[in-house]
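# Remarks on the overall topology
Below, each chain spelled out in residue letters.
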Amino acid sequence: MTTTTTPAYDAHADWYNHYMSPTSGGEYFARVHTTLRELLGPGEGICLDVCCGTGAHASVAAELGRTPFGLDLSRGQLRHAAGRLPVVAADATALPLADASVPAAMCVLASTDVPDYAAVLREIARVLAPGGRFVHLGVHPCFVGAFADWRERGRVVLDERYADRARTLDSWNPAGVRARVGAWHIPLADLLNAVVTAGLRLERTVEAGPGGVPELFGFVAVR
């Protein structure tokens, strides 16, 4: 799930395939799929799974009547994804697809894995057909990141690093994904402004989490 020259997930592909699964992911995995299902909705034709990783979320698109097709730069992750959907190794900032060629696209839990998500959004907007639907679902920009400490049950403590957009491996959870592969932070304003700049029309937003503070943020945008 990265567009860097050496994909960070290659060294952790087997671990991540287990980590992001119904068995290991538990309630979090179920929450991701419930939220994705709600945002994407039923439809037909190709649904481009951008930065598909291990293909862990392709089943949701298929359940909704869509035909998932995945792209990722990590060949290590694509080894697992290939058993779940058709895939191709490709850079999300240079999608190997014609303009206005797909009716739907989604990017799930990957926005912090690329150094320039705004460029990814521009490419998604380019390949979406007129009226095409794009679903973003990722960690919540305001409450999940190196700047957020979730160790104390019932509250999240934030610090001034919210404004830091650089890649970091800092994390309150040393056993989690970010401590292994790092993350680029995208403040909420940057994310939403990038959607508008890409030429997409924001249709709906959603927050989801197990308690009072949401851990997921998603939206539907239309070309």
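So, a few notes on the structure that sits alongside this text. Quantities reported herein were computed from a predicted structural model and do not represent experimental measurements. (Residues numbered from 1 in each chain as written. Predicted model: local features only at pLDDT ≥ 70, side-chain atom pairs only at ≥ 80, totals over all residues. Heavy atoms only, no water.)

What follows covers the packing of aromatic side chains. With the rule as written, the count across this model stands at seven aromatic pairs. Ring centres of Trp15 and Tyr19 lie 4.6 Å apart, and the angle between their planes is 20°; on these two criteria the pair is classed as stacked. Of this pair, Trp15 and Tyr19 both sit in helix H1 (residues 13–19), separated by four residues, roughly a single helical turn. Taking the relative accessible area as the measure of exposure, Tyr19 reaches 29% and is therefore partly exposed. Pairwise contacts between aromatic rings join Tyr9, Trp15, Tyr16 and Tyr19 into one cluster. Lying over the aromatic face of Trp184, Arg167 brings its terminal NZ or CZ to 5.5 Å of the ring centre. Over the face of the ring belonging to Trp15 we find Arg180, whose NZ or CZ atom lies 3.8 Å from the ring centre. (Phe/Tyr/Trp six-rings, centres within 6.5 Å; stacked < 30°, edge-to-face > 60°. Helix = DSSP H or I, 4+ residues; strand = E, 2+ residues; numbered from the N terminus. Buried < 20%, exposed > 50% of the residue type's maximum accessible area, 1.4 Å probe, protein only. Lys NZ or Arg CZ within 6 Å of the ring centre and 35° of its normal.)

This paragraph deals with the nonpolar core. Core analysis: the biggest nonpolar cluster contains 29 residues, and Val50, Tyr117, Ile124, Phe134 and Leu200 have the highest contact counts within it. Looking at this core, the elements that each hand over two or more residues are strand S1 (46–50), strand S4 (102–108), helix H5 (117–127), strand S5 (128–139), helix H7 (188–197) and strand S11 (216–222). With six residues, the single largest contributor to this core is H5. With near-sequence residues (within four places) excluded, Leu200 lies in contact with Leu121, Ala125, Leu128, Phe134, Val195, Ala221, Val222 and Arg223. Core analysis: the second largest hydrophobic core is formed by 25 residues, Tyr9, Phe29, Leu39 and Val108 among them. (Core = buried A, V, L, I, M, F, W, Y, C linked by side-chain atoms within 4.5 Å. Contact = heavy atoms within 4.5 Å.)

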